[in-house]
Amino acid sequence: MTEPVCVTAKGILFDMDGVLISSIGSVVRSWRSWAKLYGLPDPETFEMPHGVRAKDVIKTLLPDVDLQEAVRVIEDIEVKDVADLRVLPGVKTLLEGLPPERWAIVTSSTRRLLLARLGAAGLPMPERIISGDDVERGKPDPEPYRRGAELLGFRPEECVVVEDAPSGVGSGKAAGCRVLGVLGTHSAVELGEADWVVGSLEGFAVRPYGAGLELRFLPVG
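This text gives an overview of the structure that appears in the document.

1. Things to note about the sheet that holds strand β1 (residues 5-9)
Judged by pairing direction, the sheet is antiparallel, and its 3 strands sit side by side in the order β1-β11-β10 without closing on themselves. Strand pairing shows two members of the sheet lacking a second neighbour, β1 and β10 (205-209), which therefore form its edges. Taken pair by pair, the neighbouring strands of this sheet meet at an average axis angle of 25°, ignoring direction. Two strands pair when backbone bridges link them, and β10 and strand β11 (residues 212-217) are joined in this way by 5 bridges, in the antiparallel orientation. Paired with Tyr209 across the bridge in β11 is Gly212.

2. Here we look at helix α5 (residues 111-121)
Within the sequence span of α5, burial applies to Leu113, Leu114, Arg117, Leu118 and Ala121. An end-on view of α5 places all buried positions within 125° of arc, on one side of the element. Contact partners of the buried residues in α5: β3 (21-22), α1 (24-37), α3 (67-80), β4 (86-87), β5 (103-106) and β6 (129-130). Gly122 sits one or two positions beyond α5 and adopts a positive phi of about 75°.

3. Looking at the pairing of β1
Across the two faces of β1 the burial differs, with Val5, Val7 and Ala9 buried and Cys6 and Thr8 not buried at all. Pairing analysis gives 5 bridges linking β1 to β11, with the strands arranged antiparallel. Its bridge partner lying in β11, Val7 is registered against Leu215.

4. Observations regarding the packing of α3 against α5
As a packed pair, α3 and α5 sit with axes 9 Å apart at the nearest point and diverge in direction by 5°. Between α3 and α5, the interaxial angle falls into the category roughly parallel. Along its contact with α3, which presents Glu75, Asp76, Glu78 and Val79, the element α5 presents Arg112, Leu113, Ala116 and Arg117. Of the residues in the contact of α3 with α5, the class split is 3 nonpolar, no polar and 5 charged.

Criteria and cut-off values
Residues numbered from 1 in each chain as written. Predicted model: local features only at pLDDT ≥ 70, side-chain atom pairs only at ≥ 80, totals over all residues. Heavy atoms only, no water. Pairing = 2+ DSSP bridges. Helix = DSSP H or I, 4+ residues; strand = E, 2+ residues; numbered from the N terminus. Axes fitted to C-alpha atoms, helices over the stretch in contact; angles between N-to-C directions. Buried < 20%, exposed > 50% of the residue type's maximum accessible area, 1.4 Å probe, protein only. Arc of directions from axis to C-beta. Contact = heavy atoms within 4.5 Å. Parallel < 35°, antiparallel > 145°, perpendicular 65-115°, else oblique. Nonpolar A, V, L, I, M, F, W, Y, C, P; charged D, E, K, R; others polar.

Just distances and angles here, no functional claims.
Dropping the structure here:
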């Protein structure tokens, strides 16, 4: 039987979509609408790569398009489509109990979309955010999580990243953080680069411990 894990850290860096909230319905609908608008083949089956910035996806798909305009279009669609967003198990209680100076959100979403989704979900707004707008290179590059650790005032190795996507896991590991993978959008095999994997954050407990935090959780497998 798997034993509970206890680790200490000074800060926690959370991804948003797939970790704190489930927005998969909005993502699928929005990107398929966008794909139809931009004339992509088979828009009704288009799959957005999870955990990657919109601008990076668009640059790959349509290198000659007006990038700023194309990003604005998908952002507008997604901001309006929040009807079925839901907070994932354990998240609300976890965030409300964390010291605000000890956590940040590091997301591939734009800041405007992050604020819209957190507001619709009724989650507390973090004091510290690194959005896709704030970095030159998005996940899986280490820049987002390095910037997140800097924002908290800690070294990357003093932080634990919480991620649901392989691109985010890779970003956290490349930055020098320890990474906790959360099942939902990807399998445990796909999150294999993470230090640990949990089924959800429902059993994820955090308490102040000396100069940092004590994290307890039950990994899968």
